[in-house]
Amino acid sequence: MSRLLFLLPLGAVLAALAGPAAATGRVEVVYDQPARFTDAGVGPIDLDRTQHALNQHFARLASRLPDGQVLRVQVRDVDLAGQVDLLSHDRVRIFGRPLDGPRLSLRYELSDGAKLLRAGDDELADISYRLRAGSAPHTDALPYERRLVEQWFVSRVAPVARTGMR
């Protein structure tokens, strides 16, 4: 099984930028067989961009975790919003077709030292992604996927992280 691991330590950087009250949580992101993802873009360059954008977003979210907490995420599948028009010379991504919403398959663990706070397998999907008010601007990398991950973090991870209880 081929895996890519990106460890994004945030504590020292955030503490230096935000002062002593900054959260110092960490995230570890593993991509499980990314060449087999449903749709992470066309070719290795798009796959790298997708992973980079997801890594950055997971890192921003982990910066909200309390000191000492670690979020480990295994990305098992990615299906980006829209579909690539393979007939287009520029490989344009078309949005808004039925059932083209973003989808991510994740396995995760949130821990505080040796204490496991939460773990699970989650299938994230948003089939009505284009109908949501406040859609992210298209200048952002993966705006629909970022919103999906943000909603997941707020509903599944953040409440446990704040209380430190399952």
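These remarks concern the structure in this document. (Residues numbered from 1 in each chain as written. Predicted model: local features only at pLDDT ≥ 70, side-chain atom pairs only at ≥ 80, totals over all residues. Heavy atoms only, no water.)

## Thoughts on the pairing of strand β7 (residues 115-125)
So, step 1. Of the pairings in the sheet, the one linking strand β6 (residues 103-112) to β7 comprises 10 bridges and is antiparallel in character. Paired with Leu 110 across the bridge in β7 is Arg 118.
So, step 2. Remark: two residues form the turn of the hairpin made by β6 and β7, two consecutive strands paired antiparallel; Gly 113 in that turn has positive phi of roughly 65°. (Pairing = 2+ DSSP bridges. Helix = DSSP H or I, 4+ residues; strand = E, 2+ residues; numbered from the N terminus.)

## Some details on helix α3 (residues 143-163)
So, step 1. Given a rise of 1.5 Å per residue, 21 residues ought to cover 30 Å, and the 29 Å separating the end C-alpha atoms of α3 matches this to within 8%.
So, step 2. Roughly 45° is the biggest bend found in α3, and it falls at Val 157, with proline Pro 159 one to four residues downstream.
So, step 3. Those residues of α3 lying buried are Pro 143, Tyr 144, Glu 145, Arg 147, Leu 148, Val 149, Trp 152, Phe 153, Val 157, Ala 158, Val 160 and Ala 161.
So, step 4. Where α3 is buried, its residues meet α2 (43-62), β3 (69-79), β6 and β7. (Expected span 1.5 Å × (residues − 1). Bend = angle between axes of the 7 residues up to and from the residue. Buried < 20%, exposed > 50% of the residue type's maximum accessible area, 1.4 Å probe, protein only. Contact = heavy atoms within 4.5 Å.)

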